[in-house]
Amino acid sequence: MKKVSLIIPCYNEAEGLPAFDKEINRIMSDLLDYCFEIIYVNDGSTDSTLQIIKGFSEEQEAVKYISFSRNFGKESAMYAGFCNATGDYVAVMDADLQDPPAILPEMLRIIETGEYDSVATRRVTRKGEPAIRSFCARKFYKFINKISDADIVDGARDYRLMTRDMVDAIIAIGERNRFSKGIFGWIGYRTYWYPYENVQRVAGETKWSFWKLVKYSMEGIVNFSEAPLAVASWFGLGCTGVSILALLFIVIRRLIFGDPVAGWASTVCIIVFIGGIQLFCMGVIGQYIGKTYTETKRRPHYIISESSEKNIDKIG
Ligand code: UDP
Ligand code: MG
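Model, not experiment: these values are computed from the prediction.

So, how was this worked out
Residues numbered from 1 in each chain as written. Chains lettered and ligands numbered in written order. Predicted model: local features only at pLDDT ≥ 70, side-chain atom pairs only at ≥ 80, totals over all residues. Heavy atoms only, no water. Near = heavy atom within 4 Å. Polar contact = N/O pair within 3.5 Å; in protein donor to acceptor, adjacent residues only side chain to side chain. Areas by Shrake-Rupley, 256 points an atom, 1.4 Å probe, with all protein chains shown as cover. Nonpolar A, V, L, I, M, F, W, Y, C, P; charged D, E, K, R; others polar. Donors = N, O, S within 2.8 Å, 3.2 Å for Na, K, Ca; no water. Buried < 20%, exposed > 50% of the residue type's maximum accessible area, 1.4 Å probe, protein only. Helix = DSSP H or I, 4+ residues; strand = E, 2+ residues; numbered from the N terminus. Arc of directions from axis to C-beta. Disulfide = S-S within 2.5 Å. Phe/Tyr/Trp six-rings, centres within 6.5 Å; stacked < 30°, edge-to-face > 60°. Lys NZ or Arg CZ within 6 Å of the ring centre and 35° of its normal.

In this section: the site of ligand 1. In the vicinity of ligand 1 lie 17 residues, with Asp 43, Gln 98, Arg 201, Thr 206 and Lys 207 positioned nearest. Here Tyr 11 contributes a backbone N or O atom positioned 2.8 Å from an oxygen atom of ligand 1. Within the side chain of Gln 98, one N or O atom sits 2.6 Å away from an oxygen atom of ligand 1. Considering ligand 1 on its own, with 520 Å² of exposed area, one finds that the protein chains cover 91% of that surface. When the residues that make up the shell around ligand 1 are grouped by side-chain class, the tally is five nonpolar, four polar and eight charged.

The protein atoms that coordinate the magnesium ion (ligand 2) are Asp 96 (OD) and Gln 98 (OE1), at distances spanning 1.9 Å. Overall, Gln 98 belongs to the buried group, its relative accessible area being 17%.

For helix α4 (residues 104-112), every residue scored as buried is listed here: Leu 104, Met 107, Leu 108, Ile 110 and Ile 111. For α4, the buried positions fall inside an angular range of 160 degrees around the axis, keeping them on one side. The positive-phi residue at the C-terminal boundary of α4 is Gly 114, with phi of around 85 degrees.

The next thing to look at is the state of the cysteines. Enumeration over the complete set of coordinates arrives at zero disulfides. Lacking any disulfide linkage, Cys 10 is separated from the closest cysteine sulfur, that of Cys 83, by 17 Å. You can call Cys 10 buried: its relative accessible area is 0%.

Our focus in this paragraph is the packing of aromatic side chains. To describe a pair of aromatic rings, you give the distance between the ring centres and the angle between the ring planes. Applying the stated criterion across every chain yields a total of eight aromatic pairs. Between Phe 140 and Phe 179, the ring centres sit 6.3 Å apart and the planes meet at 85 degrees, which makes this aromatic pair edge-to-face. With Phe 140 in helix α5 (residues 131-147) and Phe 179 in the loop between α6 (164-172) and α7 (180-187), the pair connects residues that are 39 residues apart, well separated along the chain. As far as burial versus exposure is concerned, Phe 140 and Phe 179 are alike and both buried. The structure contains a cluster of three or more aromatic residues connected by ring pairs, namely Phe 68, Phe 72, Tyr 79 and Tyr 302. Between Arg 70 and the ring centre of Phe 72, over which it is positioned, the NZ or CZ distance is 3.9 Å.

Shown next, in the form of structure tokens:
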């Protein structure tokens, strides 16, 4: 009997977890040809998420949990799940029912054909999402696909079912600045894209604010961000913008009123403009240096403070 591991990253999901547990048990009861292992990863929640998943783990043998010492982010939670999953197939699934467990049987059927190493999901609509967020997301995917060789599909979710081989490849990529959508694309393998309509989360709120998403996309592009270096680049861009405005202002003022001192204004504008561009470029280079810095420190991806399994690495 093949084993399927489900990795569920949870950050303050107490409200929605009972509904998730009910749904996942309903789906599992129809999949009698498989045995399951459900790994809840508590990513430093501040609500009662940990108590709830401990409860599940006491009631059901298939349920395991890992609890982080603080909030390390969804990427680290997924990585911890991959490192500790023992299944022949491994799937990552959000705890808010936005990644419908109901399509899991179909995903299993597709992967069982042996034609694919992974069945990934893709939202075909972004219904219920703010328009500005959808717009920026579309532009981001277009941009990142232009500038990188990892194939990142628009609307791709982290919800995917993978073979053991693929999971081992993901674990082998131990980089600190993780952008899973890029990693999945980069390692290759044959992927089946399963389209589905966007689903609203069952309870609670998204953990991704607009700026968190902007930051995450920067991560995808450069793979990490060192705030002061980023500030340098934005400052540079700001200077450039201001100098352009000043230039326009001076030209218009000159045309309308005349200007007693000739030449100084354009010189200042040019100096500020070039200075701005230089700062901007330094900031961009700095972003890459920042990434190198975090990689060379080789800090762990996560620290586990508590878990249902006794023999696992607490630092990974
Ligand atoms: N999540 C996490 N750590 C975080 C943020 C989110 O483990 O720091 C989990 C969260 O509990 C959920 C999944 O990642 O199971 C997706 O988060 P969310 O629903 O907020 O993202 P969205 O679906 O809005 O993209
Ligand atoms: Mg969600």
